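Residues per chain are reported as follows:
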Amino acid sequence: MSEHDALYEQWATAMAEAMRPHSLTNGYTNLTDDQGPQWRRTVHGGEAKHRRLGAVKAAWAPENLLRFNKNITPESAAPVR
């Protein structure tokens, strides 16, 4: 029931925070909500892996055409038009 939404959301957020120290930072991004730029930098693994993925995207998609949702920005992204 919608009147309980805030309570359920608070519980889920508290549970996620409590489990975070016991969880891996990576995950399957298509089955998760985008939680912001810091999350996008760690969801695929460590910082070094994120830099490698950015370099790959710069080589193969420098115009960043597929920039929506959980995007990895190319290391030298072209301006978005």
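Residues numbered from 1 in each chain as written. Predicted model: local features only at pLDDT ≥ 70, side-chain atom pairs only at ≥ 80, totals over all residues. Heavy atoms only, no water.

Q: Can you tell me about the overall build of the protein chain, naming the residues and giving the values?
A: Secondary structure summary: the protein chain contains three helices and zero strands in total. Sequence-ordered secondary structure for the protein chain, helices as α and strands as β, is α-α-α. Considering the protein chain as a whole, with its 81 residues, one finds that 17% of them fall into the buried category. When the accessible surface of the protein chain is totalled, it reaches about 6,600 Å², and 59% of it is carbon and sulfur. (Helix = DSSP H or I, 4+ residues; strand = E, 2+ residues; numbered from the N terminus. Buried < 20%, exposed > 50% of the residue type's maximum accessible area, 1.4 Å probe, protein only. Areas by Shrake-Rupley, 256 points an atom, 1.4 Å probe, with all protein chains shown as cover.)

Q: Residue-level account of the confidence of the model for the protein chain, with values.
A: On average, residues of the protein chain score 81 in pLDDT, and 88% of them reach the 70 mark or higher. For the protein chain, per-element mean pLDDT is lowest for helix H2 (residues 37-42), which scores 79, and highest for helix H1 (residues 5-19), which scores 93. (pLDDT = per-residue confidence, 0-100.)

Q: Outline the environment of Asn 71, listing residues and values.
A: Turning to its location among the elements, Asn 71 is positioned in the segment after helix H3 (47-60). In the structure, Asn 71 is positioned 31 residues away from Arg 40 in sequence and 7.5 Å away in space, judged by C-alpha atoms. When sequence neighbours within four positions are dropped, the list of residues in contact with Asn 71 reads Arg 40, Lys 57, Asn 64 and Leu 66. (Contact = heavy atoms within 4.5 Å.)

Q: Lay out the pattern of salt bridges with the relevant residues and their values.
A: Evaluation of the coordinates by the stated rule reveals two salt bridges. The residue Glu 17 makes a salt bridge to Arg 20 at a minimum N-O spacing of 2.8 Å. According to the relative accessible area criterion, Arg 20 is partly exposed, its value standing at 44%. A salt bridge links Arg 51 to Glu 47; the nearest nitrogen and oxygen atoms lie 3.9 Å apart. Of the two residues, Arg 51 and Glu 47 both sit in helix H3, four residues apart, roughly one turn of that helix. (Salt bridge = Lys/Arg side-chain N within 4 Å of Asp/Glu carboxyl O.)

Q: Lay out the side chain of Asn 64 with the relevant residues and their values.
A: Checked against the element boundaries, Asn 64 lands in the segment after H3. If sequence neighbours within four positions are ignored, Asn 64 has contacts with Lys 57, Asn 71, Ile 72, Thr 73 and Pro 74.

Q: Tell me what's going on with a nonpolar patch on the surface, and back it up with residues and numbers.
A: Taken together, the side chains of Trp 11, Met 15 and Met 19 present a nonpolar region at the surface, about 340 Å² in accessible area. Residue placement: Met 19 occurs in helix H1. (Patch = residues over 30% accessible without salt bridge, like charges linked within 9 Å, V, L, I, M, F, W, Y side chains within 5 Å.)

Q: Can you break down the side chain of His 50 residue by residue, with the values?
A: Residue position: His 50 is located in helix H3. Ignoring any residue separated from it by four or fewer positions in sequence, one finds His 50 in contact with Arg 40, Arg 41 and Ile 72.

Q: Quick rundown of H3? Include the residues and the values.
A: Given a rise of 1.5 Å per residue, 14 residues ought to cover 20 Å, and the 20 Å separating the end C-alpha atoms of H3 matches this to within 8%. The set of residues buried in H3 consists of His 50, Gly 54, Lys 57 and Ala 58. Considered in projection along H3, the buried side chains sweep an arc of 100 degrees and stay on one side of the axis. More than 90 degrees from the buried face of H3, the exposed residues found are Arg 52, Ala 59 and Trp 60. Check the buried side of H3 and you find it contacts H2. (Expected span 1.5 Å × (residues − 1). Arc of directions from axis to C-beta.)

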